[in-house]
Amino acid sequence: MLSIKALNTEYKVQKGPPVKAAQDVSIEVPKGSFFTLLGPSGCGKTTTLRSIAGLERPTSGEISVNGRVVYSSSQSVFVPPNRRNFGMVFQSYAIWPHMTVFANAAFPLEVRKNKLNRAQIKDKVMSVLNAVGLDHLADRDATKLSGGQQQRLALARALVMEPELLLLDEPLSNLDAKLRDRMRFELKRIQRDLGLTTVYVTHDQGEALALSHQIAVMNEGRVVQIGSPTDIYDRPTSKFVADFIGTSNFVDATVLGYDEATKFYRVRCALGDINAISLANLPKDSKVTISIRPEDVELSEAPAPDGGNLNVCSGVVDNKVFLGDIVDFQVKVNDFQMQARSHPSLTTPRGGALHLRMDPNKCVALPEGAAADAKTAAPH
């Protein structure tokens with residue numbers, strides 16, 4: 001298991017105060033899981049990964065793997081990168097162009113202190129090449145591999161040392177869209193088959209949602225939410241997370257109260273009075289933002305019965321875009337423009353009336369200001 005406690009990493013600059021690249025980062029990654037650091041450029045995710053690898057020396061905090069401390073400011077411990085037994089794959093694969101596929105994968109074993117004999121090296125290398133699907137290309141020149149094959153070779157080179165921890169820094173960003181999608185499945189299969197504890201850095205939300213057991217969303221050097229892909233997507237704790245992950249409608253609202261029976265908050269907004277959920281305690285009359293995903297807005301031309309606590313309202317089609325398997329609608333509800341997704345069978349023209357229904361469990365009330373504490377339960 002990887003454990004990071006109160007990690008801070010700073011960069012000194014010529015003028016002005018140090019840049020706080022990672023601030024008070026605390027993460028627990030269970031053994032054998034796939035954990036992703038997700039966020040926009042400059043949020044501190046790569047700095048955190050490089051601090052784990054030992055390529056950056058943190059200012060304070062502690063990092064341990066399977067109970068072995070590799071960095072601790074309080075204990076004055078800093079284990080050099082080459083003694084941490086971590087595998088790392090960078091955005092640029094750094095393949096040796098003058099070597100074959102086999103030689104590239106074998107290189108880490110040949111330069112290690114405790115060298116293996118030729119038979120042992122061959123067994124280990126062919127085993128990892130088989131795992132990444134390159135065993136039949138062992139004798140090919142590395143320069144004659146496709147982009148996806150080079151990415152898998154870089155992964156094989158990291159795996160051959162049997163690392164305790166695999167660190168991946170945006171390894172798919174140089175691939176085209178179709179190959180990137182295919183490599184997601186490959187990465188997930190390899191990680192699952194080998195049971196590797198993996199930390200993955202990306203700014204691509206689709207990658208994070210597709211690959212991860214857990215995601216840490218970062219912003220301005222801090223972790224703002226940790227959870228499963230479903231939690232992060234369906235239960236964001238701040239407007240930043242809801243806006244960064246996928247697409248969402250944001251509606252300003254005022255809290256009217258909390259219903260003990262339904263466990264929903266009642267809020268007043270441009271859509272009318274609707275029910276919503278929140279992971280934080282929301283005082284009456286407090287200002288919130290309601291996040292509603294377009295795919296969670298059910299559209300129909302005929303008025304639908306109010307099914308219990310479902311939120312209902314009506315509007316007029318302002319615009320729509322055909323995307324093949326779905327149609328994106330922009331529906332004007334009072335003075336608010338709501339984005340919704342529907343099946344192409346719904347052919348309502350511009351100016352046509354539509355009725356909207358939204359499950360309150362999909363309407364998330366986000367407090368103003370700092371991110372809500374994801375562990376805070378609804379009031380009781």
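Here, the structure is the one placed above.
Residues numbered from 1 in each chain as written. Predicted model: local features only at pLDDT ≥ 70, side-chain atom pairs only at ≥ 80, totals over all residues. Heavy atoms only, no water.

### A look at the sheet that holds strand β17 (residues 311–322)
Pairing is antiparallel in the open sheet, where 5 strands are placed in the order β16-β20-β17-β18-β19. The strands lining the two open edges of the sheet, one partner per strand, are β16 (297–300) and β19 (336–342). Strand-to-strand, the axes of this sheet are offset by a mean angle of 45 degrees, without reference to chain direction. (Pairing = 2+ DSSP bridges. Helix = DSSP H or I, 4+ residues; strand = E, 2+ residues; numbered from the N terminus. Axes fitted to C-alpha atoms, helices over the stretch in contact; angles between N-to-C directions.)

### Topic: the pairing of strand β18 (residues 327–333)
Burial analysis of β18 places 5 of its 7 residues in the buried class, which makes it a mostly covered element. Relative to β18, β17 is paired through 6 bridges, and the arrangement is antiparallel. Residue pairing across strands places Asn 319 opposite Gln 330, the latter belonging to β18. In textbook terms, the turn of a hairpin is the stretch between consecutive antiparallel strands, and for β17 and β18 this stretch comprises 4 residues, one of which, Gly 324, has a positive phi near 95 degrees. Bridge count between β18 and β19: 7 bridges; the pairing is antiparallel. Note on β19: the bridge partner recorded for Asp 328 is Arg 341. (Buried < 20%, exposed > 50% of the residue type's maximum accessible area, 1.4 Å probe, protein only.)

### Digging into the sheet that holds strand β3 (residues 34–38)
Spatially, 6 strands are ordered β7-β8-β9-β3-β10-β11 in an open sheet, and the strand pairing comes out mixed. In this open sheet, the two edge strands, each paired with only one partner strand, are β7 (86–89) and β11 (222–227). Averaged over neighbouring strand pairs, the angle between their axes works out to 20 degrees when direction is ignored. One ladder, built from 4 bridges, connects β3 with strand β10 (residues 214–219); its direction is parallel. When the sheet's bridge partners are listed, Phe 35 is paired in β10 with Gln 214.

### Topic: the pattern of salt bridges
Should the charged atoms of two oppositely charged side chains come close, the side chains can pair. In total, this model carries 13 salt bridges according to the counting rule given. One salt bridge in this structure joins Glu 298 and Arg 357, with 3.4 Å as the shortest N-O distance. Taken together, the residues Glu 298 in strand β16 and Arg 357 in strand β20 (residues 353–358) connect sequence positions 59 residues apart. Counted as one network, the salt bridges with shared partners bring together Asp 181, Arg 184 and Asp 204. (Salt bridge = Lys/Arg side-chain N within 4 Å of Asp/Glu carboxyl O.)

Taken by themselves, the reported measurements are silent on function.
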